Amino acid sequence: MSAGAGGVLIVDFGAQYCQLIARRVREMGVYSRITVPERALFTLDSMRPGAVILSGGPRSVYAHDAPHLPAEILERGIPVLGICYGLQWLTQALGGAVQPAAESGGEYGRTALEVVGDHPLFRGVARNATVWMSHGDKVAALPDGFVTIARSTPCPVAAAADDARRLYGLQFHPEVTHSEGGTELLRNFVVDLAGCPTTWRPRSIVEDKVEAIRAQVGEDGEIVLGLSGGVDSSVAAVLMHRAIGDRLHPVFVDNGLLRQGERDGVEALFRDHYHMDLEVVDASRQFLDGLAGVTDPERKRKIIGRIFVEVFQERARSKRKAHFLGQGTLYPDVIESVAAHGGATATIKSHHNVGGLPEDLGMELVEPLRDLFKDEVRVVGRELGLPAALVDRQPFPGPGLAVRCLGEVTADKLRALREADAIVRHEIESRELHRDLWQYFAVLLPVKSVGVMGDARTYENACAVRVVSSQDAMTADWELLPVEVLRRISNRIINEVKGLNRVTLDISSKPPATIEWE
């Protein structure tokens, strides 16, 4: 199926779990797309979805600045499921009443749910399930036509339905793993009640993407692509190459901040195996010169981004017949740029994908992955025949080892970090422990400590080992490797890497920490 036809449109009222709703729907084999309330009708008309899901949100529906939808969206005859704030918006928009849960102060965390009757929305869900609640308001009176189909002790309307209009609402969050039967409940709505086709599959995605690239570029168009060697740009490169062959011109910029063997691997795969017109630009000296004396993480990122733009822009303009710019933009990047929550958000750190190419480059963007999540990109990569070592590789930040080399970045510190990181990766991957991990790497710390090697006193740097599990990098838990593996990593780093005499273990979760150190 093509993206959108018969899929699910998700309206984001500012929910922290909105992307999770989209992922749960796609895991069923149904295409999903996220939009903001202001664009909901426009997207509805262009997408023609088979169902609409209204997300939760941090506001109260009766507040003066609460996000709202045009009520017309409820008159299209499309099944609608409101979750948390979504249920409260449905209630208010259709004449019901929402008020603060003053007596209970709201519900937060795991809550016992009692299913009322035998509604098909709850088919396969335990009658006394535990679900995840997170709300300070409650439905005080349902609109005409609605009936209660589930409740909890503090919340008399935990789920409601108007079968005649195919409108449904949940006060809890079925998308989170804490809600028992949540996946079954979403499937009941999307597949059974709304009838959305489960045809969102890797093979159809590949075919659709290849045809879309050909249609956009035409018979004579050429694409220049910034190839980093990561999963996203690699999958984009193979899709574009399948679509237009030698009219694709990948450019790999060696910034000197790569992991061990990175450049050789890119050349072997894309130039030797896929026979692409790959250009490798060694700009390592430019990057190191630009970073000399710089210690502030944000300044590092901006310098790396600026130099990358300068180098890539020069090479892109040399491809005089290429009027298209290829990028490996993913769906989370697109969603985040919409700023559905409204208002200003704190800058935790600049995005890892350095670049930000200027508009005056005069090239039309080709972004075949812009409606896919990371796990879907990996599936497409497997369908395209990319090697597992690349498809399953851990995410690597755009600024490279610079954000893992705390303090000033120098050639000698990068050498030590590169060697330590290679040891961490080898010891984990050789035992196939990486399959359940999101990222695992070494960090060079600007800390020196006393050590003893042989009969000599040393005073050298320390490094930290960071190992985390995650689904989408929005949250992450630290993971403990087997003791014998940690011992092997520590022994090898201290004995084999010149300049390091101490290894520490990072046992911080995200939040409050971030996955990367800078």
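Computed from a predicted structure; not experimentally measured.

A.B. asks: Tell me about the packing of helix H13 (residues 411-429) against helix H14 (residues 483-496), and please be specific about residues and values.
C.D. replies: Where H13 meets H14, the closest approach of the two axes is 10 Å, and the angle between their N-to-C directions is 155 degrees. Considered as vectors, H13 and H14 are oriented roughly antiparallel to each other. Along this stretch, H13 crosses H14, giving a crossing that reads as right-handed. Contacts from Glu419, Ala420, Ile423, Val424, His426 and Glu427 of H13 reach H14 at Val485, Arg488, Ile489, Arg492, Ile493 and Glu496. Class assignment of the residues belonging to the contact of H13 with H14 gives a composition of six nonpolar, one polar and five charged.

A.B. asks: Tell me about the nonpolar core, and please be specific about residues and values.
C.D. replies: The nonpolar side chains of soluble globular proteins are, as a tendency, buried together. With 66 residues, the main nonpolar core has Leu54, Trp89, Ile213, Ile223, Val235, Leu239 and Phe270 as its most contacted residues. Looking at this core element by element, the count peaks at nine residues for helix H6 (residues 231-244). Other than its neighbours up to four places away in sequence, Trp89 contacts Phe13, Leu54, Val61, Pro67, His68, Leu69, Pro70, Ala71, Ile73 and Leu74. If you look at the next biggest cluster of nonpolar residues, it comprises 44 residues, including Phe312, Leu481, Val485 and Ile493.

A.B. asks: Describe the pattern of salt bridges, naming the residues involved and giving the relevant values.
C.D. replies: Under the definition given, this model contains 36 salt bridges. Here Arg127 and Asp118 are joined by a salt bridge, their closest N and O atoms 3.3 Å apart. A relative accessible area of 41% means that Arg127 is categorised as partly exposed. Under the relative-accessibility criterion, Asp118 is labelled exposed at 75%. One salt bridge connects Lys319 with Glu279, and the closest N-O pair in it is separated by 2.8 Å.

A.B. asks: Requested: an account of the pairing of strand S4 (residues 80-83), with residues and values cited.
C.D. replies: In S4, alternate side chains face the same way, and those of Val80 and Gly82 on one face and Leu81 and Ile83 on the other are all buried. One ladder, built from three bridges, connects strand S3 (residues 51-54) with S4; its direction is parallel. Its bridge partner lying in S4, Val52 is registered against Val80. Bridge count between S4 and strand S12 (residues 167-170): four bridges; the pairing is parallel. Bridged to Val80 within S12 is Leu167.

A.B. asks: Residue-level account of the sheet that holds S3, with values.
C.D. replies: Strand pairing in a sheet relies on backbone hydrogen bonds. The paired strands run either parallel or antiparallel. Here eight strands make up an open sheet; going across it, the order is S2-S1-S3-S4-S12-S11-S10-S7 and the pairing mixed. On the outer flanks of this sheet lie strand S2 (32-35) and strand S7 (114-115), each paired with one strand and no other. Against the sheet, helix H1 (residues 18-27) makes contact with strand S1 (8-11), S2, S3 and S4, and its axis sits at roughly 160 degrees relative to S2, the strand it touches most. Packed onto the sheet, helix H4 (residues 182-193) meets S1, S3, S4 and S12 and runs at close to 150 degrees relative to S3.

Parameters and conventions
- Residues numbered from 1 in each chain as written.
- Predicted model: local features only at pLDDT ≥ 70, side-chain atom pairs only at ≥ 80, totals over all residues.
- Heavy atoms only, no water.
- Axes fitted to C-alpha atoms, helices over the stretch in contact; angles between N-to-C directions.
- Helix = DSSP H or I, 4+ residues; strand = E, 2+ residues; numbered from the N terminus.
- Parallel < 35°, antiparallel > 145°, perpendicular 65-115°, else oblique.
- Left-handed = near helix turned anticlockwise from the far one by under 90°.
- Contact = heavy atoms within 4.5 Å.
- Nonpolar A, V, L, I, M, F, W, Y, C, P; charged D, E, K, R; others polar.
- Core = buried A, V, L, I, M, F, W, Y, C linked by side-chain atoms within 4.5 Å.
- Buried < 20%, exposed > 50% of the residue type's maximum accessible area, 1.4 Å probe, protein only.
- Salt bridge = Lys/Arg side-chain N within 4 Å of Asp/Glu carboxyl O.
- Pairing = 2+ DSSP bridges.

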